[in-house]
Each structure stands twice: as C-alpha cells, then as structure tokens.
There are 2 protein chains.
Amino acid sequence: MKHATQIQLAQTGILSPALLTVAEAEQWPPEELRKEVAAGRVVIPANRHHHHLSPIGIGRRLRTKINANIGNSSIIGSHESEIEKLRIAVKYGADTVMDLGTGSEIGEIRRAILAASPVPIGTVPIYHAACQVEKMTDMTPELLLEVIAEQAEQGVDYMTIHAGLLREHLPAARKRLMGIVSRGGALTAQWMQHHQKQNPAYTHFDDILDICLRHDVTLSLGDGLRPGCLADASDEAQFAELGVLGELVRRCRQAGVQAMVEGPGHIPLDQIQENMRREREVCDDAPFYILGPVVADCAPGYDHITSAIGAALGAWHGAAMLCYVTPKEHLGLPNHRDVRDGVVAYKIAAHAADIAKGIPGSRQRDDDISRARIRFDWEAQFALALDPDKARELRAESLQEQAAVEQRQTTTAATSENNAEENAESHDYCTMCGPKLCSMRVFREIQENPNPPLRNQT
Amino acid sequence: MKHATQIQLAQTGILSPALLTVAEAEQWPPEELRKEVAAGRVVIPANRHHHHLSPIGIGRRLRTKINANIGNSSIIGSHESEIEKLRIAVKYGADTVMDLGTGSEIGEIRRAILAASPVPIGTVPIYHAACQVEKMTDMTPELLLEVIAEQAEQGVDYMTIHAGLLREHLPAARKRLMGIVSRGGALTAQWMQHHQKQNPAYTHFDDILDICLRHDVTLSLGDGLRPGCLADASDEAQFAELGVLGELVRRCRQAGVQAMVEGPGHIPLDQIQENMRREREVCDDAPFYILGPVVADCAPGYDHITSAIGAALGAWHGAAMLCYVTPKEHLGLPNHRDVRDGVVAYKIAAHAADIAKGIPGSRQRDDDISRARIRFDWEAQFALALDPDKARELRAESLQEQAAVEQRQTTTAATSENNAEENAESHDYCTMCGPKLCSMRVFREIQENPNPPLRNQT
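A quick note: this is a predicted structure, and the numbers were derived from the prediction, not measured.

Parameters and conventions
- Residues numbered from 1 in each chain as written.
- Chains lettered and ligands numbered in written order.
- Predicted model: local features only at pLDDT ≥ 70, side-chain atom pairs only at ≥ 80, totals over all residues.
- Heavy atoms only, no water.
- Helix = DSSP H or I, 4+ residues; strand = E, 2+ residues; numbered from the N terminus.
- Buried < 20%, exposed > 50% of the residue type's maximum accessible area, 1.4 Å probe, protein only.
- Contact = heavy atoms within 4.5 Å.
- Areas by Shrake-Rupley, 256 points an atom, 1.4 Å probe, with all protein chains shown as cover.
- Lys, Arg positive; Asp, Glu negative; His and termini not counted.
- Charge placed at Lys NZ, Arg CZ, Asp CG, Glu CD.
- Pairing = 2+ DSSP bridges.
- Axes fitted to C-alpha atoms, helices over the stretch in contact; angles between N-to-C directions.
- Buried area = accessible area lost by both parts, 1.4 Å probe.
- Salt bridge = Lys/Arg side-chain N within 4 Å of Asp/Glu carboxyl O.
- Nonpolar A, V, L, I, M, F, W, Y, C, P; charged D, E, K, R; others polar.
- Patch = residues over 30% accessible without salt bridge, like charges linked within 9 Å, V, L, I, M, F, W, Y side chains within 5 Å.
- Core = buried A, V, L, I, M, F, W, Y, C linked by side-chain atoms within 4.5 Å.
- Polar contact = N/O pair within 3.5 Å; in protein donor to acceptor, adjacent residues only side chain to side chain.
- Least-squares fit on C-alpha atoms with pLDDT ≥ 70 in both.
- Phe/Tyr/Trp six-rings, centres within 6.5 Å; stacked < 30°, edge-to-face > 60°.
- Lys NZ or Arg CZ within 6 Å of the ring centre and 35° of its normal.
- Parallel < 35°, antiparallel > 145°, perpendicular 65-115°, else oblique.
- Left-handed = near helix turned anticlockwise from the far one by under 90°.

1. With respect to the overall build of chain A
In terms of helices and strands, chain A carries 20 helices and eight strands. Reported as C-alpha extents along the three principal axes, the dimensions of chain A are approximately 85 × 50 × 45 Å. In chain A, buried positions account for 66% of the 458 residues. Here the contacts in chain A between residues at least 6 apart in sequence split such that 73% fall between residues at least 24 apart. Here chain A has roughly 15900 Å² of accessible surface; of this, 51% comes from carbon and sulfur atoms. In chain A, which carries 47 positive and 61 negative side-chain charges, the distance between the mean positions of the two groups comes to 3 Å.

2. Quick notes on the sheet that holds strand β7 (residues 288–291) of chain B
Residues and elements named next belong to chain B. Ordered by their spatial adjacency, eight strands build a closed barrel running β1-β2-β3-β4-β5-β6-β7-β8, and the pairing between neighbours is parallel. Each neighbouring strand pair of the sheet contributes to a mean axis angle of 25°, computed without reference to strand direction. Judged from the three bridges that link them, strand β2 (residues 96–99) and strand β3 (residues 121–123) form a sheet pairing that is parallel. Bridge pairing in β3 links Val-97 to Ile-121.

3. Overview of the environment of Gly-164 of chain A
Residues and elements named next belong to chain A. Turning to its location among the elements, Gly-164 is positioned in the loop between β4 (158–161) and α8 (170–174). The spatial distance from the C-alpha of Gly-164 to the C-alpha of Ser-439 is 56 Å, given a sequence separation of 275 residues. Ignoring sequence-local partners within four residues, the contact set of Gly-164 consists of His-169, Asn-199, Glu-241, Val-244, Leu-245 and Leu-248.

4. Quick notes on the interface of chain A and chain B
Contact residues are listed per partner, giving 126 residues for chain A and 126 residues for chain B. Across the chain A to chain B interface the summed buried area is about 10800 Å²; carbon plus sulfur atoms make up 63%. The interface formed by chain A and chain B holds four salt bridges in total. Salt-bridge contacts for Glu-397 of chain B lead to Arg-337 of chain A; the nearest nitrogen and oxygen are separated by 2.9 Å. Examining the composition of the side of chain A that touches chain B, we find that 13 residues originate from one element, helix α15 (residues 336–357) of chain A, more than from any other. The residue inventory of the side of chain A that touches chain B, partitioned by class, reads 65 nonpolar, 33 polar and 28 charged.

5. Things to note about a negative patch on the surface
All names here are of chain A. Taken together, the side chains of Glu-142, Glu-146, Glu-150, Glu-153, Asp-207 and Asp-210 present a region of like negative charge at the surface. Listing elements by their share of the negative patch, those giving two or more residues are α7 (141–154) and α11 (205–215). It is α7 that provides the largest number of residues to the negative patch, a total of four residues. Tracing the backbone shows Glu-142 in helix α7.

6. A word on unusual backbone geometry
Geometrically, the link from Pro-264 of chain A to Gly-265 of chain A is a cis peptide bond, its omega value of 0° lying close to zero. Of note, Gly-265 of chain A is situated in the loop between β6 (259–263) and α13 (272–282). Each neighbour pair has its own omega, and for Gly-292 of chain B with Pro-293 of chain B the value is 0°, a cis peptide bond. Positionally, Pro-293 of chain B belongs in the loop between β7 and α14 (303–316). Despite not being glycine, His-330 of chain B has its phi angle at roughly 75°, a positive value. The topology assignment puts His-330 of chain B in the loop between β8 (321–323) and α15 (336–357). What makes His-330 of chain B buried here is its relative accessible area of 16%.

7. Digging into the nonpolar core
Of all hydrophobic cores here, the largest spans 238 residues; its most connected members are Leu-219 and Leu-322 of chain A together with Leu-219 and Leu-322 of chain B. Ignoring sequence-local partners within four residues, the contact set of Leu-219 of chain A consists of Met-159, Ile-161, Phe-205, Ile-208, Leu-209, Cys-212, Cys-252, Val-257, Gln-258, Ala-259 and Met-260 of chain A.

8. A few points about the pattern of salt bridges
All names here are of chain B. All told, the structure shown has 52 salt bridges over all chains when counted by the stated rule. Glu-84 serves as the salt-bridge partner of Arg-87, at 3.0 Å between the closest nitrogen and oxygen. Of this pair, Arg-87 and Glu-84 both sit in helix α4 (residues 79–91), three residues apart, which is roughly one turn of that helix. Taking the relative accessible area as the measure of exposure, Arg-87 reaches 45% and is therefore partly exposed. Its relative accessible area of 26% is what places Glu-84 among the partly exposed residues.

9. Re the environment of Gln-132 of chain A
Residue and element names in this part refer to chain A. Relative to the elements of secondary structure, Gln-132 occurs in the loop between α6 (125–131) and α7. Classification of Gln-132 by relative accessible area gives partly exposed; the value is 42%. Leave out the neighbours within four places in its chain, and Gln-132 touches Leu-143 and Val-147. A distance of 3.0 Å separates a polar atom in the side chain of Gln-132 from a polar atom in the side chain of His-128.

10. Looking at the relation of the copies chain A and chain B
With an RMSD of 0.0 Å, the fit of chain A onto chain B corresponds to turning through 180° and sliding 0.0 Å along the axis. What we have between these two chains is a two-fold relation. Distance from the rotation axis, computed per C-alpha, reaches its smallest value in chain A at Ile-309 of chain A: 2.3 Å. A shared binding surface is used by both copies, with 100% of the interface residues of chain A retained as interface residues in chain B.

11. Quick look at the packing of aromatic side chains
Applying the stated criterion across every chain, the model contains four aromatic pairs over all chains. Relative to Phe-382 of chain A, the ring of Trp-378 of chain A lies with its centre 6.4 Å away and its plane at 40°, an arrangement referred to as tilted. You can see Trp-378 of chain A and its partner Phe-382 of chain A sitting in helix α17 (residues 378–384), four residues apart, about one turn around the helix. The same class applies to Trp-378 of chain A as to Phe-382 of chain A, namely buried. Positioned over the ring face of Trp-378 of chain A is Arg-395 of chain A, at 3.6 Å from the centre of the ring. Against the face of Phe-239 of chain B rests Arg-278 of chain B, its NZ or CZ located 3.7 Å from the ring centre.

12. A look at helix α5 (residues 106–116) of chain A
Within α5 of chain A, the full set of buried residues consists of Ile-106, Gly-107, Ile-109, Arg-110, Ala-112, Ile-113 and Leu-114 of chain A. Along its buried surface, α5 of chain A packs onto β1 (65–70), α4 (79–91), β2 (96–99), β3 (121–123), α6 and α7 of chain A.

13. A look at the packing of α4 of chain B against α15 of chain B
Residues and elements named next belong to chain B. As a packed pair, α4 and α15 sit with axes 9 Å apart at the nearest point and diverge in direction by 25°. Relative to α15, α4 is oriented roughly parallel. Note that α4 runs across α15; the crossing there is right-handed. Contact residues: Ser-81, Glu-84, Lys-85, Ile-88 and Ala-89 in α4; His-336, Val-339, Arg-340 and Val-343 in α15. A class-by-class count of the residues in the contact of α4 with α15 yields four nonpolar, two polar and three charged.

Structure representation (structure tokens):
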C-alpha cells in the first residue's frame, strides 16, 4: 500500500500520519475519523509530492474550512505578487488556497506556490490547458490529461474538474438569464458545441482517476452550471449537473480516489438549506465545497459581505468548505487588500456556522474575548480577534480622532476637568460611549456594590 | 381627531396622508395597510412637529427597514460632523436615523438633525437625562419625563425607553458573563440599585404614554437586558424582560400610542429564528427592531459583517427593522467611513431578506443588474449597485493595476499583440479572467452560434 490514497488507507484500517494530524487538530478519536475518510464523508487533500504540507480534513462534521483563490490573469499579476497573496491568505486563516492563474509563467508560479505553501493547493487544470492553445476549441482530451498529469506530479493537492456538465445540459443552460458563468463550464460548453462531442472530462474520467490515484490528488467535482444570478438559482440545469456529480462521486470512491463536490454560486437565503440537503442526498454526503453563495446580485464592491451571509448559512446547514468571494468579485482581479477582506469575512462565516453546528470548543474564543471586553483588556481583545491588525488599527484611529477633538477644544476653550480625568483612565472605556455612559463600566460598579444601604422602598 | 396618532386614525378607519404615502411606497392597498397600522403590526413613526418628513412604515410584512445610529460622545464629534453622518446615512439608504449624541451641544445638534432629516429620527432620552446630572443616580423621574417631553416637542419621531427592565431582573443579569451591555439598561440598573426602587420608566409609563400621545411619538421599547455576547444569548434575563415588553406593547396600543420592540444583540445563528418567533408571540406581532445580531464575538473591526449575517437571518424570519452595526463596534465611535460601511452592509442584509421573504418586486434590481452584467454594460451595473461609488472605485482600481502591469511589460519587453487587442475591447471582460477566459464572453459566443456545422459525433 505504499502508493495508496488516504481513502484506500482508511478503508484498509490504516491510520495514516496525515489522518493522525487531522484527528489531533479536530480533536477527534482517530478511529472515528478513519471511518469518515473511508466512507468518503471526509477528504484529506494531500498530494504525496507536496512537501511541507500540513494536512487538513474537509467534511461536514469537522470544523468548517475556507479557501482563498489567488492567481494572476493574462493581463495582471506577477510571481512575487501571487506569493504575497498566498502569504496574506494563510496569515488570516485560509485553510486551502486555489491557484487560478491564467497568465504568463503559470507553471513556474504554481511551482513556487507549492514550495511555499503549508496549506493544500488546488487548481483548475482546464485553465492551463486553455492557455496552451490559441483557441479553446483546439484543446484535445490528450492535452487536458497531460496538464492534469503534470500538475499532479508538481504536487497539486486537489483539482477542479468540470466532468458533470454534459452536452444534454446545454439546452437548459441556454434558457437562463445569465447562462454559464463558471469559467471551466463555459470553456467546456464551447468545446462540446464546436466539436459536437461529449465533455472530454466525462468521457476520459477513468484516465483522470488513474492519474489522481497515482499521486493521491483529491477531485473537486466542479459545478460548471452553477447559477450566476438569483434568477437562475436551483434550476433544471443546476440540478441536472448535480445528478451527474453524484454518479461521479460513486466512481471516485470505487476507484479509491477522494472526492468533494462544488456548489453554487448565487442562491437566495431561503433556498440555501434545501441546496445543502439535496447535495448530501444526491452525492452520498461527499464534502460540499461551496462558492459563497451570494444572496443578492446588486452589491458589487461588497460581495464578500453578500456572500458571507450565504456562506454562513450554507456551512451551518452542511457545507464542509467555503470558497471565499472578495470585494472585487464581478469587478476585477483581487489585490492584496481584497484577499485579506475576503479571507476574514469567510473566517467569520465559518466560525459562526461552527458555533451554530455545536462543533465542540468553537465558542471558546468568543467567551474569552467577551471576558477580555468586560476587563477592558484591549491587548487580550486584539490577540483574540480574527484580525488583530484591523482591530488595533480601528481602535487607534478612534483614539486619534478623539485626540484631535481635544486639541481643538484646548485651543478654543479651557480644557474641562472631565477631559483630564478621562485621559487618565482611557483604558476603561472606548470613544463610542465615553466613560460616564459606558455600560460595562457602569455594570462593574453595580457588581462591585451589590448591596447598598437600604433606602426608602418603592 | 386633530391630534390623533397614526394608530388612532387607522382604528377609526381614516386613511391619513402619512398612511397613503407609505401604502404607495410599499405598493400596498391603503385599506390593507390601515388594518395593519390599526392592529399595531405596522408603525409609522411621524411626530407631528417633524417637518419635511417622508413617512415610512415599519412592519414585518413590509420592505425591511434599516436604521443608522449617529451622535457624538462626550469626547468626540461635532455639529457639522453629525450632520454629515446623517447625509451619508440617508444617501446610502438608511430608512431611519437615531441620534445617540451624549456630548456637548446635544440639544442644538438634535434640532439641526431634525431640521435636516427627511427620514424619521429616533433618540434614547435617558442619555440626555444622564448628561444633565453629575451622577446618574441624581436623575429623578421628573427629569426623565422633562427630557422626553422636550424631545417630543422638538419633533423626535421615535424614542427608545427601557421600561421593561425591572428590579427583579437584576439577579439574573448578575449571573451573566457580560452582565448589562445596553447603555440605557446599565444606567437604569444603576439607578434602581442605588435608590432601591423600581425602574422610573416603568413606574411612570402612563406619563410617558401621555407625552407620546400628544405628539404621536412612537415608542421603541428598549431591551436593556439584550445579551452582550453569545454566552448570554437567549437567557433568563433576556426573556424575563421580553415578557414585560409584551405587557407594555398592550398598554401602548390601549393608550393609542404606536410601539415597536427592540431586540438582541449577540445571538448565535441557530437561535435567531426562535428569537424572532418568540417576540412575535409574546409581543402580539409588534414590529421587531433588532440590533444585528452579531453571530460571533471575536471579530472586532468587522462587526458590520458579523452582524449583517445575523440581521439577514433575523429579517427573513420576521424582524421589521435592522439597527446597523459598524466596523467600529466594540472599538470606538463610528466615523464617516464607518457609517457608510455599516449602512451598505445592512442594505444588503435587508435586501437579501426581502427576496427570501418574497416581498413583491424585491428581486427586480438583481435581475436588472444581472442583465447588465451579461451585456458588459458597466454604467448600468454601477447605476443599479447598492453603492455605485464603491463599485466604480474598485473597477477603476483594477483597471489602474492592469495599466501599471502593462506599463512594466512595455518597458521590459515588447508589447504583445494580445495586449493591444485586449485594450481595444476592454469593456467586454474584467481583469478577473481576462478576455479569453471570460465565461460570459465565451457563453455569448455559444449563444450567437447555437448550431455549428455537424462534425463527427461522439
């Protein structure tokens, strides 16, 4: 079993080093976790060529994971810039990173990212295949397999393959308001229509499984027909593809290849729970890896927020991993600030869902920061914050604004005694309420003096 | 009935001008809306001294409303700055604004805000009362009533009164991790403990109702015991107070005073629906006006996001109005940027909830922007965005980053033909994918060429 995959090892009763690492991180009994991996309900994306990887587990009963997409496009981005995005994503808590690069030096950048990354790296091989031909329709099934094999040898931990989108789904996609918004889905559709042939990822799925088996690449079964707007959510095209993804999950498991399933996209709040339930049923509880979903289409510039709402709900109702969306979604390629904003918004969504799901210990950090809050222990609050830098920065900004006001008051009028007193104790309140009207300060006084001398009763 | 309140007018079958305005805005038959106002399920906060007000309706069956808090504290903020915050809040879509000022010139600032505001203005009178005495315990019931009367005469449309927090609730509050985090609640508790007397807002509630009746001030029954962290959510103290709020709703309706009920605070995702249901039951479907709720305690600097998640869920499950939370929550007083960030995050939450609730027409804007998106009509997308300025700004930023990269490429190597071609058609894709891998561009080609010449079939 030297070259066995994680699911094969688990099925034969072996507790692999990766599995033991995950069990410890999740505080699960290893044997319990082994059963989940063996059943395919948890995946551990860990290509055996990805050195220095800290393996993680992805499954609905584990802590919710988040993914950050990086990668240059043909017109923007550089080698150093992408490594810096990886660093930022990991610093703020991304559990995996997908390199969606489509620009120049695509292979070299991927190599550098793999060498630098302690977290699993995912890719979408059809992007690289499309970059190697002049027109997408020039791609051959052989080229796609070559690219998959090359990336598997490089050490890519999981790959999105859009094998569930079939020719027969195209009429349903044509009826939509927005058609096909998945890049891989649109390219595949273009190829199928031009050649009047079935999706090569579907017809050559066994060849893909062979490659994945050799290197233990986890397949992320892409949803090429994910809805691109609320009007297209939960439609015929989306669920027709989901049915095929369920079939492919079973083929993966039979072949000993780990698999997860990708999901929408744009979905209104009231359809999220049903979408999570349906995937679980159709795909035999394979880990669901969802993009957002954004719950409104009309907030470009804020889609990290619009989608964090959907992501929190999705994770609570069963999604195992959340693919972040940044403020640049629908507008351009995320820069370093966007990567940070997206990652933190998704840490919030994942964390809120873990609390709602009752993942043991998930509320500890919240209780600790609340205790620090009533102690006015600002340093402890910053240390416990999901983004300590931002909390520190906003508090500093507020204190500066306060100082500027006091400066003005000092030069225009006499400094009040109050101000002097307030400065002396500036730790025990914030500029939101000031000291006299600080509820926590007032409540502390109440607690310290529970039994005042009796006066006249009401 | 010259001085009748909106609920009294509705109960006598009169369709007031304010009601007709609301009916038109909500696209409701006036007679149907009248029944809701008469029953107290919709309130129309419209003080008869607030000139230039555009009345709005607040109720669970109407479009979800959002409120923005502004107001200086004793140590920060100025007259001009507060008027600018009002302007920003209204520009980005706040339906009401609360002036929580506690600093100097508090009365003059409120007057200026009322004169400038087309949206209903709310206040928390106990703040002003507390500012007029050296120690909170020096406040008298008479002073509180004076302040309420003065603000009612000024034209304040709705007031938060913490009349539901009773002496007998304090032992439950003492058991909490964070105790009392509501400012009004903490000040009231301090007063009750010091004087060993019942809450003056409760003992003098009939006097408060008399004032509200004279000027048609809507009461917003404050939750002084709202949980300040997840650990305290849905506890004995919170629900004990809710029971009293239900009693006060009935007293308001009996007196002909409009009333809404304020709600939490900090609540985990999985308790939000039950909180909404419970308020509806206990308070006879009085409009629920909730603060967030934030669904995790550990994200200072991002609480507009953490709470927008909870707010969207709350509104979907029945909250009528959402009080925004800004990124500065728990850190300091919001500045102009924070007000904008908070308002837009809450417009998103309210909008997503309205779509989920099936409010007629609520998805129109989303469908329109999606159509603009597939047309690559950037100007239409900006115009339909909840924050056009931000969308424009981020798109411009992305194009600038692209130009900078091209500049570097031009100076270090020959410009590729591709780049020139891409520049020429820069409207029909974004820097996220570039032109070749733009799904929408690819799908357009598929749509324009649905029946290519047949080749060899698979």
